[in-house]
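# Close look at the chain arrangement
Given next are the chains, with one letter for each unit.
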Amino acid sequence: MTTNIELPVFTNNSEVELQGKWGMVVDQDLCTGCQACVAACSMENNVPFVGEEDAGYGRAMHWIRIERLWDNTTFPGVKMTSYQPTMCQQCHNAPCEPVCPVYASVHSQSEDLNLQVYNRCVGTRYCGNNCPYQVRAFNWRDYTDARTRPYLTVLQNQLNPDVTVRRRSVMEKCTFCIQRIHGAEDKAKSEGREIRDGEFTSACAQACPANAITFGRLDDPQSAVNKAAAASPSRSRHLLDELQTMPRVTYLTGGV
Amino acid sequence: MASYAKPLARRKPHAQEHEDPRELLMHDPLPRGQMNAMVMESMHETTPIFWVVAAILAVIVVYTLGYDWYVVIMQGQGVTGELRPDYWGVFLVNTVFWIGISHAGTFISAILRVLKIESRRPFTRAAELMTTFGLVQAGLSIFMHLGRVWLVYWMFPIPNERTIWPDFHSPLMWDLMAITTYLLCSTMYLFLPLIPDLAMSRDRTESGWLKPFYKILALGFRGTEGEWKNLTTAMNIFAFAIIPVMFSVHTIVSWDFAMATRPGWSSTVFGPYFVIGALHSGMAAVAIVLFLLRSTMKHYKYFLRPEAFNTIGMLMLLVSMAWAYFYFNDYIVPWYGGNKWDKILQEYTEKGPLGYLWFTMLFVNIVVPWATLWNKKWRETPWLLAIVGFLINIGMYLERYIIIPVGVTINRMPFTWRQYYPRIEIPLTIGTFSLFLLLYMLASRVIPLIPVWEVQEGQEAHMIRKMGKAEVSTLSDME
């Protein structure tokens, strides 16, 4: 039987797998919790406004959120841990991927990112359930329908043309600003060179006033993310490392 | 050397030992024609109350499954109560619940048929019908849950231009395959023993729209030796083949949860635990249905005697004990594992704002059956068994509710913990229950709910013989 597609070859090349391609370092000791990354991400990626009622109910669709947690065990009621900006960790072994029955949640072999194919999603919400980081956002209603939300007739002018506007009942999540990645890759290709680290950055990293978020290439040892992670190995950690999901976001915490 | 033992006291015979075997259905035969006429009559004699109840149910079904579901489809899942950590809500509770209900039918008719438990004969069909109609509700509940239900065919392995195949890594695909297989098998298994009764109905229906219905479905069954032989062979094959299918279905349903990386769900005991849970709710539902049939259908008091309820009651007690064991196991596994998230989840389940659900579940699932079903007199009281069955079903519904919406509240990111409360799920749940009852009521007007030929076969095989002074019931194996 002939097929018109090229099947991906699954290899156990652990060196490449451990390395990854795109990565992020979040320095929690620098984060001030100002939410600029949340706003920037929402503007860049056309994350819809869910309205007061749904946001209050817990359906805000931000692709990145600032977690505030209180450490009650050490000093009851007193100490607050540092802010924790949480976005899709772009796991290499992503729990969200194998559970999708229709291949809407897929892994990009070339970029080593988790992709969500909005058009393919049928809304089983299994991926959101299975994500240990709870970073997936579901379009509970038609948040982009201008008939029910009149303010959208004005606000649609600020939509980013590079990013799809999602309709109701599909799952979405942080893409590591894949439209920026592809833009930079196209530019580098047209100039006949490799992509340079620091040539572009994600919206959250760009907006961060404290430079707490660094985005860049993981496969380049001289890149800013690798340097930042290597500078203080004692402070670096991955979220829920015990699940072996191999996340591509490193958190730096524990300094002063 | 012979030794003589003298009883210290004359043992009083227990009241239950002195039971006249002639009270059993198998020893109380009626002429074949009369029995057929009784079944046909109870099928056709309809009181106005029946139509009133059917009309109310139909209105509820149209309003909920018609209008409310339309709202869900048109406005999105936002009209439900689901939110970020609780992506799965009452719809999947309903799915698991209805698949559980559907288990009893196959369990009773296949396992009891294979094991040749004689008291099963009058109520196998009533239980099998629950399987088919319960699976219909389970399927509907999955479709209600699906965000874009109009694209459901993307989950079917249909060859398409873009060569996108469904992902068989996903437990949901296993689920889809398992439920489809189970629906087809159980429908076949409902149909096979129905053929002789359809032929009987065909012969006893003079005219009307049901005549061609029976004529087509009876497949020209005339009752010749060869036809009986083929039918028995086919039924035997299905009875044995459907048992592993039945066990696999609920195991696979449990894998929807057990395969996930979630605290409380990722447990190896979930497979057998779900199967036993399904039987627990299913047996209880059979008790309710048998009570309703006995008290509403004409002549069914002859067929559905206390001994049938006794059998169901014993099974309910047995399954309740097995369920308690597995529930205990479900605590042992996290305890050995020592996962802190499992511990937090358990504390939340028991002491959290919904802790009363957990307590109610344990009470009605364990305490109530253990406290009532040990007594044969009580087991043989249909209304009591129906009440116990109703309570067990509430308990099993709560069990699924605790596993799904309460369980997903706790995850590994404490920042996202939020409590879920159902909104439009409530009328839609009522809708599935109404549709189940409505389908059952309409089916009771169309097909004989008592497998008359099986009862007759059993009555011919049973005989009372005198052994010394005692009268004992004997059974000649006709197969």
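Because the structure is a prediction, the values reported are computed rather than measured.

### Examining the overall build of chain A
For chain A, the helix and strand inventory stands at eight helices and 10 strands. Here chain A, with 256 residues, has 41% of them falling under the buried criterion. By sequence separation, contacts in chain A at least 24 residues apart represent 64% of the contacts at least 6 residues apart.

### What to know about the overall build of chain B
Per the secondary structure count, chain B includes 17 helices and two strands. Taken over C-alpha atoms, the radius of gyration comes to 25 Å for chain B, in line with the 23 Å a tight globule of 479 residues would show. If you line up chain B on its principal axes, its C-alpha atoms span 75 × 70 × 45 Å. Counting all 479 residues of chain B, 43% fall into the buried class. Put simply, 80% of the contacts in chain B that link residues at least 6 apart link residues at least 24 apart.

### Points about the nonpolar core
Residue and element names in this part refer to chain B. Within the largest apolar cluster, 174 residues are counted, with the highest numbers of intra-cluster contacts made by Ala 104, Met 283, Val 286, Ala 287, Leu 290 and Ile 312. Top element by residues in this core is helix α9 (residues 270-296). It accounts for 16 residues. Contacts of Ala 104, omitting those with residues within four sequence positions, involve Ala 127, Met 130, Leu 279, Gly 282, Met 283, Ala 285 and Val 286.

### Remarks on the sheet that holds strand β1 (residues 22-27) of chain A
Residues and elements named next belong to chain A. Read from one edge to the other, the open sheet built from four strands follows the order β8-β1-β10-β9, with strand pairing classed as mixed. Of all strands in the sheet, those bounded by a partner on one side alone are β8 (213-217) and β9 (236-237). Inspection of the sheet shows β1 paired to β8 by five bridges, in the antiparallel sense. Note that in β8 the partner of Val 25 across the bridge is Thr 214. Relative to the sheet, helix α8 (residues 224-231) contacts β1, β8, β9 and β10 (249-252), its axis offset from that of β8 by approximately 125°.

### So, the packing of α9(B) against helix α15 (residues 382-409) of chain B
Residues and elements named next belong to chain B. Two elements in contact, α9 and α15, have axes whose closest approach is 8 Å; the angle formed by their N-to-C orientations is 145°. Crossing of α9 against α15: the hand is left-handed. Mapping the contact onto sequence places Gly 277, His 280, Ser 281, Ala 284, Ala 285, Ala 287, Ile 288, Phe 291 and Arg 294 in α9 and Pro 382, Trp 383, Leu 385, Ala 386, Gly 389, Phe 390, Ile 392, Asn 393, Met 396 and Glu 399 in α15. Grouping the constituent residues of the contact of α9 with α15 by class yields 12 nonpolar, five polar and two charged.

### Here's the deal with helix α11 (residues 306-337) of chain B
Residues and elements named next belong to chain B. Under the 1.5 Å per step criterion, the end-to-end length of α11 is 46 Å for 32 residues, consistent within 8% with the ideal 46 Å. Every buried residue of α11 is accounted for by Ala 308, Phe 309, Thr 311, Ile 312, Gly 313, Leu 315, Met 316, Val 319, Ser 320, Trp 323 and Pro 334. Where α11 is buried, its residues touch α9, α12 (340-351), α13 (355-372), α14 (376-379) and α15. Backbone geometry just after α11 places Gly 338 at a positive phi near 70°.

### Thoughts on the pairing of β10(A)
All names here are of chain A. Burial of β10 is two-sided: the residues Val 249 and Tyr 251 facing one way and the residues Thr 250 and Leu 252 facing the other way are all buried. Both β1 and β10 contribute to a ladder of four bridges, which runs parallel. Bridging across to β10, Asp 27 finds its partner in Leu 252. The pairing of β9 with β10 spans two bridges and is classified as antiparallel. Considered in β10, the bridge of Arg 237 is made with Tyr 251.

### Looking at the interface of chain B and chain A
One frequently used descriptor of interface size is the decrease in accessible area upon assembly of the parts. Residue-level contacts link 36 residues of chain B with 37 residues of chain A. In terms of residues, the side of chain B that touches chain A owes the most to one element, helix α5 (residues 171-191) of chain B, which gives three residues. Taken together, the residues of the side of chain B that touches chain A sort by class into 19 nonpolar, 11 polar and six charged.

### Observations regarding unusual backbone geometry
Located in the positive-phi region is Gln134(A), a residue other than glycine, with phi close to 55°. Its place among the elements puts Gln134(A) in the loop between α4 (126-130) and β6 (137-138). Since 21 C-beta atoms lie within 10 Å of it, Gln134(A) is described here as buried. Located in the positive-phi region is Leu219(B), a residue other than glycine, with phi close to 55°. Position of Leu219(B) relative to the elements: it lies in the loop between α7 (210-217) and α8 (225-258).

### Description of the environment of Ala60(A)
All names here are of chain A. Summarising the element assignment, Ala 60 is placed in the loop between α3 (52-57) and β2 (65-67). Here Ala 60 falls in the partly exposed class, since 19 other C-beta atoms lie within 10 Å of it. Separated by 78 residues in the primary sequence, Ala 60 and Phe 138 have C-alpha atoms spaced 9.1 Å apart. Once residues lying within four places of it in the same chain are set aside, the contact partners of Ala 60 are Val 50 and Ala 55.

### Some thoughts on the confidence of the model for chain B
Scored by pLDDT, chain B comes out at a mean of 89, with 95% of its residues at no less than 70. The complex model carries a pTM of 0.91, and its ipTM stands at 0.87.

About the criteria used
- Residue numbering note: each chain is counted from 1, following its sequence as written.
- Chain labels run from A onward and ligand labels from 1 onward, assigned in the order the entries are written.
- Where totals are concerned, whole chains, interfaces and linings use all residues; where local detail is concerned, this predicted model gives features only for residues with pLDDT of at least 70, and gives and counts side-chain atom pairs only at 80 or more.
- Starting at the N terminus, helices and strands are each numbered in turn, a helix being any DSSP run of H or I of at least four residues and a strand any DSSP run of E of at least two.
- Think of it as a crowd count around each C-beta: if 20 or more other C-beta atoms lie within 10 Å the residue is buried, if 12 or fewer it is exposed, and in between it is partly exposed, with C-beta placed from the backbone throughout.
- For every residue pair, C-beta atoms are placed from the backbone, and the pair is scored as a contact if these atoms sit within 7 Å.
- Only C-alpha atoms enter the radius of gyration; for comparison, a globular chain is expected to reach 2.2 Å times N to the power 0.38, where N is the number of residues.
- Nonpolar cores are built from buried Ala, Val, Leu, Ile, Met, Phe, Trp, Tyr and Cys residues. These are joined into a set through C-beta atoms within 7 Å.
- Two strands are said to pair when DSSP picks up at least two bridges between them.
- Structural elements are reduced to axes, namely lines fitted to C-alpha atoms, with helices fitted over the stretch in contact, and the angle between N-to-C directions of any two is expressed from 0 to 180 degrees.
- Crossing handedness is defined as follows: a turn of the near helix away from the far one that is anticlockwise and smaller than a right angle gives a left-handed crossing, while the clockwise case is right-handed.
- Residue classes follow a fixed rule: Ala, Val, Leu, Ile, Met, Phe, Trp, Tyr, Cys and Pro count as nonpolar, while Asp, Glu, Lys and Arg count as charged, and any other residue, Gly among them, counts as polar.
- Each residue after the first adds 1.5 Å to the expected span of a helix.
- Think of pLDDT as the predictor's per-residue confidence, scored from 0 to 100.

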